[in-house]
Amino acid sequence: MALESRAVPTGRTTPYSPRPFPTADGAVARRAYAVSTIGTKVILAVTGLALFLFLPIHLVGNLLLLVGSDTFNRYARSLESIPVLVPVAEVGLLALFVIHASKAVLNFLANRRARGSNYAAKRPATGGASRKTWASASMIVSGITIGVFVPVHLLQMKFGAYYPVTLDGAPARDLYRLVRELFHDPFVVAFYVFCMVVVGAHIYHGFASAFQSLGAYHPRYAPLVLLLGRGLGVVIGAGFLALPLVMYAAR
Ligand code: HEM
């Protein structure tokens with residue numbers, strides 16, 4: 001029997017068609033793709049919001065750098081002294097970070113593959129539900145930048161030099177001195193300023209986008225959530241950014 005007269009039960013145009021989408025099978029594949037995309041978006045939203053919660057706490061603690069050496073070192077020591085808080089927070093943050101970053105990269109690559117990357121021209125959407133602003137288009141770039149920043153930051157701070165100090169009669173780590181010395185270097189200051197703008201931009205778009213991915217979208221509240229996310233992006237970015245600048249200026 002000639003090949004072309006054979007019925008193909010899957011509905012493919014040829015048995016060798018590499019593209020399943022125009023077929024009955026394709027509909028299943030398309031739905032599986034959509035479901036996995038939604039699942040990925042939910043995971044990205046949940047891990048992103050959980051990671052975000054760390055930032056205002058970290059910012060408020062770090063603002064004590066502006067109060068003075070003893071206050072900041074006492075704060076750092078008091079955190080360490082709460083049993084299991086630091087190890088649990090560290091393991092949690094690391095797990096969230098790894099899941100969030102790997103899912104984001106895999107999602108980005110899957111979207112590119114599904115779309116095909118050979119658009120003649122890329123036109124950003126204007127307004128509408130997707131709100132594809134410059135920030136959303138650059139989420140992957142800002143995410144990768146943060147992915148580079150965090151390990152560098154941990155090496156500099158958490159695993160940086162241990163300066164001993166006596167605090168209230170007891171030995172402690174002089175973290176204040178470490179941060180002050182780091183922020184005396186203009187290159188470190190420039191690196192932090194750049195990364196803090198990027199962190200702010202990531203929140204600026206990501207916050208509202210996470211709520212949208214979780215289905216928490218209501219026409220009345222959506223503009224408020226958007227505004228809140230943008231405000232938090234600006235305030236948190238600016239708050240972190242002020243620290244290296246102020247400490248450099250006060251050197
Ligand atoms: C100017 C801005 C910042 C300053 C001065 C700063 C300062 C510090 C310091 C001093 C530590 C060490 C704490 C310790 O070992 O007890 C630390 C840890 C850490 N920072 Fe920052 N930080 C800044 C911004 C950020 C940002 C924007 C992020 C995330 C995007 C971040 C994520 C972390 C993480 C994950 C840790 C480890 C926490 C832990 O292991 O307990 N930091 N930071």
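Residues numbered from 1 in each chain as written. Predicted model: local features only at pLDDT ≥ 70, side-chain atom pairs only at ≥ 80, totals over all residues.

A few words on the overall build of the protein chain. Assigned secondary structure in the protein chain consists of eight helices and two strands. Order of helices (α) and strands (β) in the protein chain, N terminus to C terminus: α-α-α-α-α-β-β-α-α-α. Among the 251 residues that make up the protein chain, the fraction classed as buried is 18%. Within the protein chain, residue pairs in contact and separated by at least 24 positions form 73% of the contacts whose partners lie at least 6 positions apart. (Helix = DSSP H or I, 4+ residues; strand = E, 2+ residues; numbered from the N terminus. Buried ≥ 20, exposed ≤ 12 C-beta atoms within 10 Å, placed from the backbone. Contact = placed C-beta atoms within 7 Å.)

In the region of the ligand, 20 residues are neighbours, and Glu90, Met157, Lys158, Phe240 and Leu243 sit closest. Listed by contribution, the elements that provide at least two residues to the shell around the ligand are α1 (24-63), α3 (85-115), α5 (139-156), α6 (175-182), α7 (186-213) and α8 (222-249). Here the shell around the ligand is composed, by residue class, of 15 nonpolar, three polar and two charged. (Near = placed C-beta within 6 Å. Nonpolar A, V, L, I, M, F, W, Y, C, P; charged D, E, K, R; others polar.)

Of the pairings in the sheet, the one linking strand β1 (residues 164-167) to strand β2 (residues 170-173) comprises four bridges and is antiparallel in character. Residue Pro164 lies in a different strand from β2, and its bridge partner there is Arg173. Where β1 folds back on β2, the antiparallel hairpin that results is connected by two residues, among which Asp168 adopts a positive phi of roughly 50°. (Pairing = 2+ DSSP bridges.)

With that settled, the discussion passes to helix α2 (residues 69-81). Along an α-helix, residues three or four positions apart point the same way, because every turn accommodates 3.6 residues. Compared with the 18 Å implied by 1.5 Å per residue over 13 residues, the 18 Å span of α2 between its first and last C-alpha is a close match. Of the residues making up α2, those classed as buried are Phe72, Asn73 and Ala76. All buried residues of α2 lie within an arc of 95° about the axis, which places them on one face of the element. Away from its buried face by more than 90 degrees, α2 exposes Ser78 and Ser81. Tucked inside the fold, the buried residues of α2 contact β1, β2 and α6. (Expected span 1.5 Å × (residues − 1). Arc of directions from axis to C-beta.)

Moving on: the environment of Val148. Looking at where Val148 falls in the secondary structure, it is placed in helix α5. C-beta crowding within 10 Å serves as the criterion here: with 11 such atoms nearby, Val148 is assigned to the exposed category. Here the alpha-carbon distance between Val148 and Cys195, two residues 47 residues apart in the chain, equals 9.4 Å.

Soluble globular proteins tend to pack their nonpolar side chains together in the buried interior. Among the nonpolar cores identified, the biggest contains 28 residues, and Leu65, Val179 and Val199 are the most heavily contacted of them. Secondary structure elements with two or more residues in this core: α1, α2, α6, α7 and α8. Broken down by element, the residue count for this core peaks at 13 residues, all from α7. Leave out the neighbours within four places in its chain, and Leu65 touches Phe72, Tyr176, Val179, Leu243 and Met247. (Core = buried A, V, L, I, M, F, W, Y, C linked by C-beta atoms within 7 Å.)

On to α3. Along its 31 residues, α3 runs 44 Å from first to last C-alpha, staying within 8% of the 45 Å computed at 1.5 Å per residue. Of all the 31 residues making up α3, two are buried; the element is thus mostly uncovered.

Looking now at the environment of Leu59. Its place among the elements puts Leu59 in helix α1. On the neighbour-count criterion, Leu59 (17 C-beta atoms within 10 Å) is partly exposed. C-alpha of Leu59 to C-alpha of Gly239: the two residues are 180 residues apart in sequence and 7.0 Å apart in space.

Take the packing of α3 against α5 next. Relative to each other, α3 and α5 sit at 145°, their axes nearing to 11 Å. Both α3 and α5 take part in a crossing whose hand is left-handed. Of α5, the residues touching α3 (which contributes Phe97, Ala101, Ala104 and Phe108) are Ile140, Gly143, Gly147 and Val150. Classifying every residue of the contact of α3 with α5 gives six nonpolar, two polar and no charged. (Axes fitted to C-alpha atoms, helices over the stretch in contact; angles between N-to-C directions. Left-handed = near helix turned anticlockwise from the far one by under 90°.)

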